[in-house]
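A structural walkthrough
The residues making up each chain are set out below.
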Amino acid sequence: MNKENIEKLESALGRLDKNENVVYFLTYDTKNNPRAAVKHIYDMALTLNQNGYTSKILVEDNTYGGVSHWLDGEYNDIPVVSIKDDKVEIKIDDVLVVPEYYSNVLQQLSSIKCVKIMLVQQKDYIFDTLPVGSRWSDYGFDKAITTTEASKKYILEYFPEAIVHIIPPMIGEHFKPSEKPLKPFISISCRDRVIHRRIISEFYLKYPQLRWITFRDMVQISYSEFAEALNECMVSVWVDDESTFGTFPLESIKCGIPVIGKIPDVEPDWLDENGMWTYDSNKIVEILGTYVLAWLEGVELKDEVKQKMAETLLPYEESITKNNILSIFNSFRNKRIETIQKALDKLKVEENV
Amino acid sequence: MYKKDITVLIPVHRIDGDYREMLINALSSLESFHNDVVVSIVCPSSVKKDLGQLSDKIDINVIENKGKTDFCSQINVGLEKCDTTWFTILEMDDEFKSIWLKSVNEYIKEYSDVDVFLPIVKDINVEGKFLSFTNESTWAYGFVEKQGFLDNETLLEYQNYQTSGGLFKTQVVKDNGGLKDNIKLTFNYELLLRLTHNGVKVMSIPRIGYQHVNFREDSLFWLYKNDESVKLEEDEVKFWLDTAKKEFFFKNKRDVKYAEA
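Residues numbered from 1 in each chain as written. Chains lettered and ligands numbered in written order. Predicted model: local features only at pLDDT ≥ 70, side-chain atom pairs only at ≥ 80, totals over all residues.

Our next topic: the overall build of chain A. Helix and strand content of chain A: 12 helices and 12 strands. Counting across all 353 residues of chain A, residues that qualify as buried make up 36%. A sequence separation of at least 24 residues applies to 67% of the contacts in chain A between residues at least 6 apart. (Helix = DSSP H or I, 4+ residues; strand = E, 2+ residues; numbered from the N terminus. Buried ≥ 20, exposed ≤ 12 C-beta atoms within 10 Å, placed from the backbone. Contact = placed C-beta atoms within 7 Å.)

Residues and elements named next belong to chain A. The strand order E3-E2-E1-E4-E5-E6-E7 describes an open sheet built from seven strands, whose pairing is parallel. Among the strands making up the open sheet, the edge pair consists of strand E3 (80–82) and strand E7 (163–166). Shown here is a sheet whose adjacent strand axes are inclined to one another by a mean of 30 degrees, direction ignored. (Pairing = 2+ DSSP bridges. Axes fitted to C-alpha atoms, helices over the stretch in contact; angles between N-to-C directions.)

With 18 residues of chain B at the interface, the matching set in chain A holds 10 residues. Of all the secondary-structure elements, those providing two or more residues to the side of chain B that touches chain A are helix H3 (100–110), strand E7 (130–134) and strand E10 (202–213) of chain B. Ranked by residues supplied to the side of chain B that touches chain A, first place goes to H3(B) with four residues.

Residue and element names in this part refer to chain A. Of note, Ile337 is situated in helix H12 (residues 318–352). On the basis of neighbour counts, which here come to 16 C-beta atoms within 10 Å, the residue Ile337 falls in the partly exposed class. On a C-alpha basis, the gap between Ile337 and Ala36 in space is 33 Å, while along the polypeptide they are 301 residues apart. For Ile337, the contacting residues outside a window of four places in its chain are Leu13 and Leu16.

As a further point, take the domain arrangement of chain A. It is common to give the size of an interface as the accessible area that goes away when the parts come together. Residue and element names in this part refer to chain A. With domains assigned, chain A is organised as domain 1 (2–168 + 318–347) and domain 2 (185–315). Computed from C-alpha coordinates alone, the two centres of domain 1 and domain 2 are separated by 33 Å. Taken together, the contacts link 18 residues of domain 1 with 13 residues of domain 2. For the side of domain 1 that touches domain 2, the element with the highest residue contribution is helix H6 (residues 149–158), accounting for three residues. (Domains from an automatic or database assignment.)

Next up on the list: the pairing of strand E4 (residues 95–99) of chain A. Residue and element names in this part refer to chain A. In terms of burial, E4 is largely enclosed, as five of its five residues are buried. Side chains Val95, Val97 and Pro99 of E4 all project onto a buried face; the interleaved residues Leu96 and Val98 project onto the opposite face, where all are buried too. As defined by bridge partners, strand E1 (residues 22–26) adjoins E4 across three bridges and the pair is classed as parallel. When the sheet's bridge partners are listed, Phe25 is paired in E4 with Val97. Here five bridges tie E4 to strand E5 (residues 115–120), and the two strands are oriented parallel to one another. If you follow Val98 over to E5, its bridge partner there is Met118.

This part is about the nonpolar core. Membership of the largest hydrophobic core comes to 95 residues, with the highest contact counts inside it found for Val237(A), Ile10(B), Val12(B) and Leu192(B). Among the elements that line this core, the one with the most residues is helix H6 (residues 187–197) of chain B, at six residues. Counting residues in each nonpolar core, the second largest holds 43 residues, with Ala37(A), Ile41(A), Val67(A) and Ile145(A) among its members. (Core = buried A, V, L, I, M, F, W, Y, C linked by C-beta atoms within 7 Å.)

Glancing now at the packing of H6(B) against helix H8 (residues 234–247) of chain B. Residues and elements named next belong to chain B. Packing of H6 against H8 leaves a shortest axis separation of 9 Å and a crossing angle of 25 degrees. The angle between the axes of H6 and H8 places the two elements in the roughly parallel class. As for how H6 packs across H8, the hand of that crossing is right-handed. Facing H6, whose interface residues are Tyr189, Glu190 and Leu193, H8 presents Ala244, Lys245 and Glu247. (Parallel < 35°, antiparallel > 145°, perpendicular 65-115°, else oblique. Left-handed = near helix turned anticlockwise from the far one by under 90°.)

It is worth spelling out the environment of Glu232(A) at this point. Residues and elements named next belong to chain A. By the secondary structure assignment, Glu232 is in helix H8 (residues 223–232). Among the residues examined, Glu232 registers 17 C-beta atoms within 10 Å and is labelled partly exposed. Through-space distance from the C-alpha of Glu232 to that of Ser281 is 25 Å; in sequence the pair is 49 residues apart. Once residues within four sequence positions are removed from consideration, Glu232 is found in contact with Ser178, Lys180, Leu182, Lys183 and Phe185.

With that out of the way, let us pick up the sheet that holds strand E12 (residues 276–278) of chain A. Residues and elements named next belong to chain A. Pairing within the open sheet is parallel, and its five strands lie in the order E9-E8-E10-E11-E12. The sheet terminates laterally at strand E9 (214–217) and E12, the two strands that pair on one side only. With strand direction ignored, the average angle separating the axes of adjacent strands in the sheet is 20 degrees. Relative to strand E11 (residues 259–262), strand E10 (residues 235–239) is paired through three bridges, and the arrangement is parallel. Residue pairing for E11: Trp238 is matched across the bridge by Gly261. Across the sheet, helix H7 (residues 193–206) touches strand E8 (185–190), E9 and E10, and the angle it forms with E8 is around 150 degrees.

Okay, H8(B) next. Each α-helix turn comprises 3.6 residues. Residues three or four places apart therefore point the same way. Residue and element names in this part refer to chain B. For H8, with 14 residues, the first-to-last C-alpha span of 20 Å sits near the 20 Å given by 1.5 Å per residue. Among the residues of H8, those classed as buried are Trp240, Thr243, Ala244 and Glu247. End-on view of H8: buried residues confined to an arc of 100 degrees, all on one side of the axis. Along H8, exposed side chains directed more than 90 degrees from the buried face belong to Glu234, Asp235, Lys238 and Asp242. Buried-residue contacts for H8 involve H6. (Expected span 1.5 Å × (residues − 1). Arc of directions from axis to C-beta.)

Before going further, it helps to examine the packing of H7(A) against helix H10 (residues 284–296) of chain A. Residues and elements named next belong to chain A. Between H7 and H10, whose axes approach to 10 Å, the crossing angle comes to 50 degrees. Regarding the angle of H7 to H10, the classification is oblique. Considering how the two elements wind past one another, H7 and H10 form a crossing that is right-handed. Residues Ile199, Glu202, Phe203 and Lys206 of H7 form the contact with H10, whose own contacting residues are Ile284, Val285, Leu288 and Gly289. The residue inventory of the contact of H7 with H10, partitioned by class, reads five nonpolar, one polar and two charged. (Nonpolar A, V, L, I, M, F, W, Y, C, P; charged D, E, K, R; others polar.)

A few words on the confidence of the model for chain B. Of all residues in chain B, 98% have pLDDT values of 70 or greater, and the mean over the chain is 91. Predicted complex, confidence summary: ipTM 0.91, pTM 0.87. (pLDDT = per-residue confidence, 0-100.)

Here it is, written out as structure tokens:
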């Protein structure tokens, strides 16, 4: 028995040594609709694959819709395997990353002896399907990746045994300031469609002289269309009370486009005087109207605001985030090698005795 | 030596009473960018005196007009003498907004194939109260074929565009015949119809670059509405609109016979 286990551990070490172990990212099916949370998963997988790792997108079955409609080619080169149809065998040297959304399957995954990591992008979902009173470590999940300091703090409050790493979403190179004159468009991103409609209706009623200004709905468009629209508009509007990170405002800031936004229930780490923020969603329309009229008159952002916008982005540089991803997954790998090596040494001692 | 590439044409037909003050106000709106533009006042000999000294900050070039002093004729005289690549029109009771030069330079650089840039015009009443915007509708979703660009088809349906404050390629307007002084009321409209019909690219700059006083007492359009001697009735307005729609096919003005319409 020991001999068999020794062989298993040795082959696991061999795979880790040759980077042949697999990082699986369990991903939910958006039916090929854009979703920032899914892009974050794909960004991590892509970064790892571009740096010698083997990572795969793990989905429930072969009906998975993919991301081809909204993410560029290289994202679609990431292998996708399905639990049901491909009969994936996860080995002890593999890594399994499970979004909080899938807390209901943790019990089923408890018997798998790989490196298990929770991925928390939306802390409100943590307890949605997690059995009452249970904790991640009950199922062998002792590590977590999240996107913000606030979220990390929250996790440690309820899962103090977890080792929590922060990987913020990447603000891609698609987003850059336009060299062309901006257009009189307003990019709007609201999680709640009722609020989305209300803002537009109120704006046109309160400022009938601005009815020619177009709102661009930034939901359900491809990543490149999204970047293009954000790149050419004069201002963006963001209302998402449930947001825990706030990718949209950062993408807007990276384009040099000022953001008018409602501060979400959980204040983003990066919140500063880098936009026009309010706690009161009823003030959005008035702020927007005032800004649009000022923009038409030629008023420009103050240098201090531009400076704050630039400073806001510094921690979210793509290269920094990529290095961060690699460093965290390298640490998982090294820790795994150490653990397997220890177990192997122990077995060898027992074998010799 | 740096060459000024834009001429501001200011048609002046009288300088008595409030007109002098209005002109001084209009000129003051050029102070922030007078080093970058040629300022030319077109006027009849009778009001020529002292016009060049109306501003101590701006060099004013006075062009004497010995012909008719209606708006179109004055502009055509100025256009004839204009040797810059671009020209614009400043009406003597209007003003440029400070963003105007910066925005036209930005758009000239980016849209090198465009021949006419219309700013958004802020229309105010004589008390300075905001009334409406003009030239903004090209940016409304689905209004024109290509957002921001004014096309002939749209113009045939919708007439409300303002040319004062617009930046025109001088040669393009010259080649297309200038303004037609025999068309009342709709001469601006006819010009835009003619230009777009002949493939001239017209674009709106989505910035408020020009402020226009609407219906100032004694202004041409005020007279058309209120002065019994020149008042235009609804049918006549329609006539001039229809005339513009017929005449834009022709580069040069033709005889417009009012009674035969």
